[in-house]
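Listed below, chain by chain, are the residues.
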Amino acid sequence: MKQMPEDYYQRLEEIQAVDFVLVELTLYLDTHPSDQQAMQQFNQYAHYSKQLKQAFEEKYGALQQYGNSYTDSRWSWGTIPWPWQV
């Protein structure tokens, strides 16, 4: 098992927590589709999640092989540890 810096784990945990909030807000909005406050919270957390993931990827590499990031000249996707390796 590869050991990463403490910051890696803290950032990853924050991403997971924010994405959990988004899942919960999605479920809530499925049954309360006119709740403007919940929609506003969803949009705020979605924006925050995107910022966290972008910062993480800039420092540690891609979280997914597609999405917000593009490949570099070395195709370095997969060079950072997989989630089950940390």
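For the structure, see preceding data.
Conventions and cut-offs
Residues numbered from 1 in each chain as written. Predicted model: local features only at pLDDT ≥ 70, side-chain atom pairs only at ≥ 80, totals over all residues. Heavy atoms only, no water. Helix = DSSP H or I, 4+ residues; strand = E, 2+ residues; numbered from the N terminus. Buried < 20%, exposed > 50% of the residue type's maximum accessible area, 1.4 Å probe, protein only. Contact = heavy atoms within 4.5 Å. Areas by Shrake-Rupley, 256 points an atom, 1.4 Å probe, with all protein chains shown as cover. Expected span 1.5 Å × (residues − 1). Polar contact = N/O pair within 3.5 Å; in protein donor to acceptor, adjacent residues only side chain to side chain. Core = buried A, V, L, I, M, F, W, Y, C linked by side-chain atoms within 4.5 Å.

### Some words on the overall build of the chain
Step number 1: Secondary structure summary: the chain contains two helices and zero strands in total.
Step number 2: Across the 86 residues of the chain, 19% fall into the buried class.
Step number 3: Residue pairs in contact within the chain that sit at least 24 positions apart in sequence constitute 54% of those at least 6 positions apart.
Step number 4: Roughly 6,600 Å² of accessible area belongs to the chain as shown, and the carbon and sulfur atoms make up 54% of that amount.

### Things to note about helix 2 (residues 36-60)
Step number 1: In this model, helix 2 (25 residues) spans 36 Å end to end at C-alpha, consistent with the 36 Å of a helix rising 1.5 Å per residue.
Step number 2: Every buried residue of helix 2 is listed here: Ala38, Ser49, Leu52, Phe56, Glu57 and Tyr60.
Step number 3: Its buried side turned inward, helix 2 meets helix 1 (6-31).
Step number 4: Put simply, Asp35 is the residue that caps the front of helix 2, since its side-chain oxygen is 3.1 Å from the backbone nitrogen of Gln37.
Step number 5: Just downstream of helix 2 lies Gly61, where phi reads positive at about 110 degrees.

### Considerations on the nonpolar core
For soluble globular proteins, nonpolar side chains are generally found buried alongside one another.
Step number 1: Ranked by size, the top nonpolar core spans eight residues in total: Met4, Tyr8, Leu12, Ile15, Val18, Leu52, Phe56 and Tyr60.
Step number 2: Elements with a contribution of two residues or more to this core: helix 1 and helix 2.
Step number 3: For this core, the element with the most residues is helix 1, which contributes four residues.
Step number 4: Ignoring anything within four residues of it in the chain, the contact list for Ile15 reads Leu52, Lys53, Phe56 and Leu63.

### Describing the environment of Met4
Step number 1: Summarising the element assignment, Met4 is placed in the segment before helix 1.
Step number 2: Given the relative accessible area of 11%, Met4 is considered buried.
Step number 3: Sequence-wise, Met4 and Val86 are 82 residues apart; in three dimensions their C-alpha atoms are separated by 7.0 Å.
Step number 4: Contact partners of Met4, with chain neighbours within four places excluded, come to Tyr9, Tyr60, Pro81 and Val86.

Any functional reading would require information beyond the geometric quantities listed.
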